[in-house]
Structures are given as C-alpha cells and as structure tokens.
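Here is how the chains run, residue by residue.
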Amino acid sequence: MAGGSVVRRGQAEDFEPAFTLWWRAESTRRNGPPPPVSVERVRGYARRKGAFLLVADAVGEVVGMVLVTPASSRPSEVAVVQMVFVAPERWGEGIGGKLLAAALAEARTRGFERVKLWTHADDARVRRLYEGHGFGRTGAQLAGESGEPIVLYERPL
C-alpha cells in the first residue's frame, strides 16, 4: 500500500473518477484548467484498442491513475504510458511510483518489449519519477499542446 492506497486494475466504472482526477491534477500543475484539446486527447486514450488503466484506490476513492496504450507504430512491441496522475493532495506519498511500477509489470506480462512516454521538459519531479524507474531521455523533443516543451523517454522491459 502506497500512501494508504492499493494499486488495482481499473474497471469501466473507474474511468470517470480517473478522468476527474487527471483534470484536477493537471489543473493544479498548470495553475488553470487544461485546454479542450487536452480533454479530448485524454478521453481518446481510454478508447484505444489494448489500453489498460490501473488505479490507486484508497478505500473506494481513486487517488491515482496510470493509463497505457499500445504504440500506434508497433502495437505488439511498444507500450506508451499516456498518463500518470495522482490527486494533488496526495503528491509526494509514493503513489505515482507504485502506479508506474505496476504499469511496467502489466506491460511486461502483456508481452511488450519497450515502453515510451512523453513528459514536460520543465517538470523535474516527474522526470525524477521516470528516471528512477529506468527510463532514459531519447533526445526527441516537441512542443506540447500549450506550446510547452515535452521530451520523449524510453526503456526496455
């Protein structure tokens, strides 16, 4: 149990609470609500074939989530961590690390060989999380939806 929560596979009824948690955490990170294009993108992840959701559950309340999809270019080989979010009031409790470790284990079980993810270049806390779980920067960088730089991380399973 991380921070009084247990990581479990997300069920259909967990998607809305997980989406709400994402919106709250992203709004806190941005100091304002995410743009509509981000909302549509995030909702689309859950509809992708082969997507899986894991949640951190604290006595019936979703306090963390991770959503993983197969890569569109190599769906049988590469998984993409689309998002890892924890309720802002629970930041720093180790929930994100437990979720990420569980997602990597699940991706390995599903036969993926590698995992990729994009993250904000200026978010040192999140970069430490990913680097602490064996991800390394590839050198690729893009402008995110709000113009902020995002960087690509990757690791083998």
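For the structure itself, look to the data block above.
Remember, it's a predicted structure, so these values are computed and weren't measured experimentally.

What counts as what
Residues numbered from 1 in each chain as written. Predicted model: local features only at pLDDT ≥ 70, side-chain atom pairs only at ≥ 80, totals over all residues. Heavy atoms only, no water. Helix = DSSP H or I, 4+ residues; strand = E, 2+ residues; numbered from the N terminus. Buried < 20%, exposed > 50% of the residue type's maximum accessible area, 1.4 Å probe, protein only. Polar contact = N/O pair within 3.5 Å; in protein donor to acceptor, adjacent residues only side chain to side chain. Pairing = 2+ DSSP bridges. Axes fitted to C-alpha atoms, helices over the stretch in contact; angles between N-to-C directions. Salt bridge = Lys/Arg side-chain N within 4 Å of Asp/Glu carboxyl O. Core = buried A, V, L, I, M, F, W, Y, C linked by side-chain atoms within 4.5 Å. Contact = heavy atoms within 4.5 Å.

**Some thoughts on the side chain of Arg90**
Along the chain, Arg90 turns up in the loop between β4 (78-86) and α3 (95-109). The exposure class of Arg90 is buried, given its relative accessible area of 15%. A distance of 2.8 Å separates polar atoms of two side chains, one belonging to Arg90 and the other to Glu93.

**Some details on the sheet that holds strand β5 (residues 114-120)**
Sheets are built from strands that pair by backbone hydrogen bonding, the pairs being arranged parallel or antiparallel. Taken together, the 7 strands give an open sheet; going across it, the order is β1-β2-β3-β4-β5-β7-β6, and neighbouring strands pair in mixed fashion. Across the chains shown, the open sheet's two edge strands, defined by having one partner strand only, are β1 (6-9) and β6 (136-143). Each neighbouring strand pair of the sheet contributes to a mean axis angle of 25°, computed without reference to strand direction. Of the strand pairs in this sheet, β6 and strand β7 (residues 149-156) are connected by 5 bridges, and their pairing is antiparallel.

**Description of the pattern of salt bridges**
Counted by the stated rule, this structure contains 13 salt bridges. Across the pair Asp14 and Arg8 runs a salt bridge whose closest N-O atoms are separated by 2.7 Å. Looking at Asp14, the relative accessible area reads 6%, which means it is buried. The salt bridge partner of Glu106 is Arg110, with a shortest N-O separation of 2.7 Å. Arg110 gets classed as partly exposed once you look at its relative accessible area, which sits at 40%. Through salt bridges that share partners, Arg8, Asp14 and Asp57 make up one connected network.

**A closer look at the nonpolar core**
With 26 residues, the main nonpolar core has Val66, Val81, Tyr130 and Phe135 as its most contacted residues. Residue assignment for this core shows that the elements contributing at least two residues are β2 (52-58), β3 (61-70), β4, α3, β5, α4 (124-132) and β7. Top contributing element to this core by residue count: α3, with 6 residues. Excluding its chain neighbours within four sequence positions, the residues that come into contact with Val66 are Phe52, Leu53, Leu54, Val81, Met83, Val84, Leu99 and Ala103. In terms of nonpolar packing, the next biggest core, distinct from the first, is built from 15 residues, Phe19, Leu21, Tyr45 and Met83 among them.

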